[in-house]
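Spelled out, the chains give:
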Amino acid sequence: MTSSILNALSILTKPVGEVSVSQAHGSQQQALLEALQANRALLQEHLQAQGREPEVLEVLAAVRNQAEWASEQSEDITWSFVQECLVLLLGLGRHLAHLRESFDQESLSSLPADSARRRTPEAAPPLPPDVLSVAQQRTLGTGLQFAVTLGLCPYLAAGVGVPLGRRSALGVSVEGAVRRAVVPSPERRLLITAFALLELSAVPSLATELFTSHLGDVMAALCQLGYRPPRPERGAAASEKIHGLAAEEHRKCREALQSLLGKVYQPIVIKELLVLQGGPKQSRVGPGAGGAGVGGSRVAPLAQAPAWLRRLCGQLLSERLMQPGGVQYVVRAILEGAGGGDSDWRKCDAVARILATCPQQSLSPEAYYSQVCPQVLELLHFKDKLTAQQFQRVATRAALTMVDERLEFAQPYLLEPLFKPLLCCGRITGEVEAKSSLEEWELTRCVDDVYKIFVVGNRPSELLLRSLGDVVPVIFALYSFTKQNASHLRAPCQEILLWHLCQAESGQALPLLRRLCGLGAEPGGGVAPGWQFSPGSEGGAILTPKEPISDEDEELYERLCGEQWRVECVAQLLGEMKDSDLPANFFLQLLQELTSWRAEQEVEELEQEVDTSSMTLLELELHLIGQVAGPGQKLALLQVLAVLCEGLPHTVLLRKPAQAVEFIVAMLQRACVCLEQGGEGPVEAQTLRMGMGLVAALMSGDTKLSGEDYSAMSKLLPPLEQISELHPDALLKELATDLKAAIATHGAYRPDTITRAAQHHATHTHTGTPRAKPTPTARHTQPSRAAPAATETTARAQSKPAKRTEPLITEISSVSTATTDNRTPAATGAPASSAERLRVWGSSAERRDRPPAGSIPASPFSPGTAGAEGGPSFISECLLEACDPDVPTRAAALRTLTRALQNRQQEALEAQEKLVTLFLENLEHEDSFIYLSAIQGLAVLAEAFPERILQRLLGEYQTGPTLPSSQPEHSLETRLKMGEVLMRASRAMGELAPHYGHPLIGAFLSGTRDPDPSVRASCLSNMGELCQLLRFSLGPLAQELSVCLTALIKTEKEAEVRRAAVHVITLLLRGLSHTATQVLSDVLLDLYRALKWVVRSDRDEVAVLHAQLALEELDDIMRKFIFPEQKLEKKITVLP
């Protein structure tokens, strides 16, 4: 019967034949009416011939009996056609609904019997009887189109919906063919058609076709029927007569509209409501203008909707927006189907502006923002790439606009929920304490949202920066944690911090950097005390409680390491800001604070003399806390300066000449403070000379200084004036005067002293040492190392030879030439000009680097090389200088002797006993430059004479230093240094390591029983390095090594020793590689069990990490052993 009804509908809506059209001599409207009348007559003939199918006639008769309008006769041909069409559609709908109801009942009753069959995956579910074929759907769509075009659209008021004239050229003819003056009235016709279509929408298979194409027309009809006010020029009775509708019918239309809007996909509803709102204000367009607009080349703009309809659509849109998920519906309605062009970005900005503006229909702005702001944040969490990109832009723009325009509502409903996880990290609440941690997804989502809104949105304002500044310490703490681990949060955290530091004003960024470094009275912020970040399971981070540390030393160590790491992370952040002045400004601010210390030193000394006997306990406590806090802040400042100088290049710290000038000003001011206090230490003297050398280099550089640079350099005039008046050195006073004159004249006056000082500064800067030491032979040819000085600085330098402070620019000492008759004016005490002294002292480095008379310049350490004629030998001179109390002189002599041994100089090889004793004595020196040179020399000796030297070194290592000059309190340090010597010697022996390695292994094994844990760890470390070299020679020692390492791993209390024991196994497996299964075949299982025991039972994370690395090495070895690499080889066998 479904096919019969659809066949009848097809006859009613089929196109008119060509013959019939040609016979129509009237207008297009008349042809349309004749076609409708002809199709209606054909339908009647078809239905009368359907006596064989009485079910169709019964269904249609039931529809006509229930609907009074179906049996009414009308003079309007179009309405009569609509009546027939609606009757067929309603009959089809009721028949399909009955079939579906019967099908559902049969499915429920036959469910137990068919359960076994439905379990099979290949069995398809039965097809419902209300499903239509493609051809049937096409026929249904045609019928619905005729019903809407002839029964709805002609009766819509002006401005309600899209008129037919805007849709097609035939629409004008349809509007002209409709007769509105005959019964039923237009409003009654509109009501009948609308409710008939709503009845069809109850059938799912018909509702899809109806709402896909005609939802807007149905909504427009219901809006007009339910909400259109009566015309003011007519009375109530006249209005009722014209409209033909009762109040109850109006109410039903309003209820039907609300029901329709609630069950249809909301983005489609929002689209249709936007269309119903109409276009902007414009001149009123007449009925005939629409057709012209369609037929012309340009389409006329959409007509403006009536005021009542605009208000109604606005109210309905506001309701859609403020419902749960309404923001997403609005965004999808406008952006769905967008391709990502420029117009789509403009749409995103327009939608964001709509969301950020409170509608007039809202009860209160607070209620609106409380519902919309959480939904805006949810737009940031979509996974689909294109959708996420569009939604992210809308959410970002909407959030930024809300913050700029309605901060009083954005703060509690947008920013606080956005920052909530980060704020919880800084201020632990009861909710977090109850959960004992902050979930990983919460932190990850929070950081991603902040990154999208602030960094990607990139619309900085004072309000945004201030709100973000509250959580920057927590983000920095998270960033510092991610720098120690592999985490996907590192990049967004770094970008957020860099964005905030770059966009913030200098007055806000500098205090924030000080806070992050732990400087100042305020704490550094970050996570709450007693809590820490821990690695998450998905590469993020979680907030967990800290484990309490009972040992005070370990707690202090952890705190100091944390402060050091925090400062290094700040330096890494500043290193990324290559195009910003913030790193230089921060560095210069710290230098200025460093300069102010000396000025405050006298005040602090006076404060230390305060009588505390009359203080109360509270006052005394505050006084003591203040005394401790001051030095602590100074140490923290020095730590920050040290890290910045070490970790940042000069191109970041001083990227502009003005910044370099500020740096020099800070250096000179610090030196001036020392001069005012009447004392200049070695550091201050070197700082002063470096600063003046930098000024001279700026004045004499290749880059031409501009007027702005000279204006910035005018800040140097006061400290240079002070130096020229107060400094005791006449040469520095003259140089300061010349620099001051050159700066004041903008380089017009530039004496030679500035150029020479700049060249001397550049020479020492490139060599990397303050001053080049003279060669031993050159020193011997000088009759006097220091003649009577002409200044106080020289006298102080001679009175304290152990702490000599030699200038960077000039050498304040008299230098004698090879002959005693020709001496410089400074040496003879005669007066000399400044230029002459600079000429002599400026070329001193060149004379020092010149090889002495009688030597071979190409190879100063070649065998047989001696000093000057009549002087002692080269090696003897080096031995004498190796006993010099001056640290640089002694270190240079030790390294010279080491190079002589490396070059196999005969005299050095013959003096091996003296060299051993000399190196062992210097091994106990406290200066690292000295004992590292001695370690290198002993390693070279052990490589050259392994049989004799190694035995002595082993004795020193096992029993401690045996020299008469040895100090007992330095025995432990010396043994550790001796272990370094043995490790370097074993590395240098190479292929001879198996021959000489067994005594070393025995010494290291015995050292593992030493009572000091540092010695035990050192022995294990050296053993690991040696085991990599012994390879197959380890076979006889494998059992002993296994027992020793296993025992230490399971019984040792010190974590460092356990780490070293596990690391020995790692190095052992790494050195043996694929041969480990042969060399360690008897002990490999024991080593594997020991490593697994560490992974399961050891509490030290570092030891567990070493064990995991060793297990990975063992896994690679066993995989290659079990699954050897397949090689394609050809073997040729020669038969006898």
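Residues numbered from 1 in each chain as written. Predicted model: local features only at pLDDT ≥ 70, side-chain atom pairs only at ≥ 80, totals over all residues. Heavy atoms only, no water.

## Structural notes on the pattern of salt bridges
Inference 1: For the coordinates displayed, the defined rule picks out 26 salt bridges.
Inference 2: We note a salt bridge from Asp404 to Arg459, for which the minimum N-O separation is 3.3 Å. Remark: Arg459 occurs in the loop between helix 23 (440-456) and helix 24 (462-469) and Asp404 occurs in helix 20 (residues 385-405); sequence separation between them is 55 residues.
Inference 3: We classify Asp404 as partly exposed; its relative accessible area is 35%.
Inference 4: Residue classification places Arg459 among the partly exposed residues on the basis of a relative accessible area of 28%.
Inference 5: Of the charged contacts, one joins Arg984 and Glu980 as a salt bridge, the two residues approaching to 3.1 Å between their closest N and O atoms. In this pair, Arg984 and Glu980 are both assigned in helix 49 (residues 971-989), four residues apart and thus about one turn of the helix distant.
Inference 6: Salt bridges sharing common partners tie together Arg40, Arg64 and Glu84. (Salt bridge = Lys/Arg side-chain N within 4 Å of Asp/Glu carboxyl O. Helix = DSSP H or I, 4+ residues; strand = E, 2+ residues; numbered from the N terminus. Buried < 20%, exposed > 50% of the residue type's maximum accessible area, 1.4 Å probe, protein only.)

## Focus: helix 26 (residues 490-503)
Inference 1: Its 14 residues place the ends of helix 26 20 Å apart at the C-alpha level, agreeing with the 20 Å of an ideal helix rising 1.5 Å per residue.
Inference 2: When we look at burial in helix 26, the residues that qualify are Pro492, Cys493, Gln494, Ile496, Leu497, Leu498, Trp499, His500 and Leu501. (Expected span 1.5 Å × (residues − 1).)

## Examining the pairing of strand 2 (residues 541-545)
Inference 1: Pairing between strand 1 (residues 531-535) and strand 2: five bridges, direction antiparallel. Counted as the bridge partner of Phe533 is Leu543 from strand 2.
Inference 2: Linking strand 1 to strand 2, which pair antiparallel, is a turn of five residues; within it Gly539 sits at a positive phi near 85 degrees. (Pairing = 2+ DSSP bridges.)

## A few points about the confidence of the model for the protein
Inference 1: On average, residues of the protein score 76 in pLDDT, and 76% of them reach the 70 mark or higher.
Inference 2: No element of the protein has a lower mean pLDDT than helix 41 (residues 834-842), which averages 32, and none a higher one than helix 26, which averages 93.
Inference 3: Confidence over residues 233-242 falls short of pLDDT 50; this stretch has six contacts with residues more than four positions distant or in other chains.
Inference 4: Low pLDDT, under 50, characterises residues 283-299; the stretch is placed with 12 contacts to residues that sit more than four places away or in other chains. (pLDDT = per-residue confidence, 0-100. Contact = heavy atoms within 4.5 Å.)

## A short note on unusual backbone geometry
Inference 1: One non-glycine residue, Asn458, lies in the positive phi region at around 50 degrees.
Inference 2: Within the secondary structure, Asn458 is located in the loop between helix 23 and helix 24.
Inference 3: For Ser1073, which is not glycine, the phi torsion reads 55 degrees and is therefore positive.
Inference 4: You can see Ser1073 is positioned in the loop between helix 53 (1055-1072) and helix 54 (1076-1079).

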